[in-house]
Amino acid sequence: MASKVVQFGPLTIPLSQVFLLSKHTYGLVNLKPIRPGHVLVVSRRKVARFNDLTLEEVTDLFTNGQRISKAVEKLFNADGLTLCVQDGDVAGQTVKHVHLHVIPRNTGDFANNDDIYSVLEGTGNVPQQTHVDNDQRVARTATDMAAEAKMLRRQVGGWDDAVGQYM
């Protein structure tokens, strides 16, 4: 029987919040997005550091990152995207499980474009127009996250049936 959850570091995530599943990665909606449409592409194998991934895992992570970024840019009417991996404590990684952030961007969403990185680290202020406050960011409801995952699943293509059971 297939598992109905995935592990993201120490966190247990219901599949209702997952919108893509491939051999080595899964796409996950974000509990506290910096911008609407901010999602994660996560390695299925739980490793903390990017260099611990195999070449096949890196390829799958970035191939699906591109696949997901195309859908996110379209669905959230973005002018561009910020794609990043925070690798290690000094890089601001808070969940010790390799993941790629896909963040839709619009002209003027941050007064200083690089401020997004301090927000990712949890030290910067999120601009008002993003509708998310860094220190007081309220977690979205499971219902809201499931609805977004369903929308993304339709756009991205959902599960890779050749993978079979998740766990």
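Placed above this text is the structure.
Presented here is a report on the structure given in the accompanying data block.

Quick look at the overall build of the protein
(1) Moving on: Counting secondary structure elements, the protein contains three helices and seven strands.
(2) Moving on: Listed N to C, the secondary structure of the protein is β-β-β-β-β-α-β-β-α-α in terms of helices and strands.
(3) Moving on: Expressed as a percentage of the 167 residues in the protein, the buried residues total 47%.
(4) Moving on: Taking as baseline every contact in the protein between residues at least 6 positions apart, the subset at least 24 positions apart corresponds to 62%.
(5) Moving on: Only carbon and sulfur atoms are counted for the fraction: they give 52% of the accessible area of the protein, which is about 8,700 Å².

Side note on the environment of Lys-4
(1) Moving on: Structurally, Lys-4 is set in the segment before β1 (5-8).
(2) Moving on: The class for Lys-4 is exposed, based on a relative accessible area of 60%.
(3) Moving on: Sequence separation between Lys-4 and Leu-15 is eleven residues, and the spatial gap between their C-alpha atoms is 5.5 Å.
(4) Moving on: Apart from the residues lying within four places of it in its own chain, the contact partners of Lys-4 are Ile-13, Pro-14 and Leu-15.

Regarding the pairing of strand β5 (residues 39-43)
(1) Moving on: Burial within β5 is extensive, with five of its five residues counted as buried.
(2) Moving on: Burial along β5 is two-sided: Val-39, Val-41 and Ser-43 and Leu-40 and Val-42, pointing in opposite directions, are all buried.
(3) Moving on: The sheet contact formed by strand β4 (residues 25-29) and β5 spans five bridges and is antiparallel. Counterpart to Thr-25 in the pairing with β5 is Ser-43.

Notes on the nonpolar core
(1) Moving on: In this structure, Phe-19, Val-39 and Ile-68 are the most contacted members of the largest nonpolar core, which totals 19 residues.
(2) Moving on: Of all the elements in the fold, those that place two or more residues in this core are β3 (18-21), β5, α1 (55-75), β7 (99-105) and α3 (142-156).
(3) Moving on: The element best represented in this core is α1, accounting for five residues.
(4) Moving on: Here Val-39 is in contact with Phe-19, Leu-28, Val-29, Ile-68, Val-72, Leu-100, His-101, Val-102, Glu-148 and Leu-152, once residues within four sequence places are set aside.
(5) Moving on: Core analysis: the second largest hydrophobic core is formed by eleven residues, Leu-15, Tyr-26, Val-42 and Val-95 among them.

Section: the pairing of β7
(1) Moving on: Most of β7 sits inside the fold, with seven of its seven residues counted as buried.
(2) Moving on: With burial as the criterion, each face of β7 is covered, one bearing His-99, His-101, Ile-103 and Arg-105 and the other bearing Leu-100, Val-102 and Pro-104.
(3) Moving on: Pairing geometry for β5 and β7, over four bridges, is antiparallel. Bridge pairing in β7 links Val-39 to Val-102.

Some thoughts on the sheet that holds strand β6 (residues 80-84)
(1) Moving on: With respect to topology, five strands assemble into an open sheet ordered β3-β4-β5-β7-β6, the strand pairing being antiparallel. The strands lining the two open edges of the sheet, one partner per strand, are β3 and β6. Within the sheet, the average angular offset between the axes of one strand and its neighbour, ignoring direction, is 20°.
(2) Moving on: Alignment of β6 against β7, held across five bridges, turns out to be antiparallel. The residue bridging Thr-82 from the neighbouring strand is Ile-103, located in β7.
(3) Moving on: Packing against the sheet, α1 makes contact with β3, β4, β5, β6 and β7, and its axis sits at approximately 165° to β5.
(4) Moving on: Its contacts with the sheet put α3 on β3, β4 and β5, and the angle it makes with β3 is roughly 35°.

Each value, and the rule that gives it
Residues numbered from 1 in each chain as written. Predicted model: local features only at pLDDT ≥ 70, side-chain atom pairs only at ≥ 80, totals over all residues. Heavy atoms only, no water. Helix = DSSP H or I, 4+ residues; strand = E, 2+ residues; numbered from the N terminus. Buried < 20%, exposed > 50% of the residue type's maximum accessible area, 1.4 Å probe, protein only. Contact = heavy atoms within 4.5 Å. Areas by Shrake-Rupley, 256 points an atom, 1.4 Å probe, with all protein chains shown as cover. Pairing = 2+ DSSP bridges. Core = buried A, V, L, I, M, F, W, Y, C linked by side-chain atoms within 4.5 Å. Axes fitted to C-alpha atoms, helices over the stretch in contact; angles between N-to-C directions.

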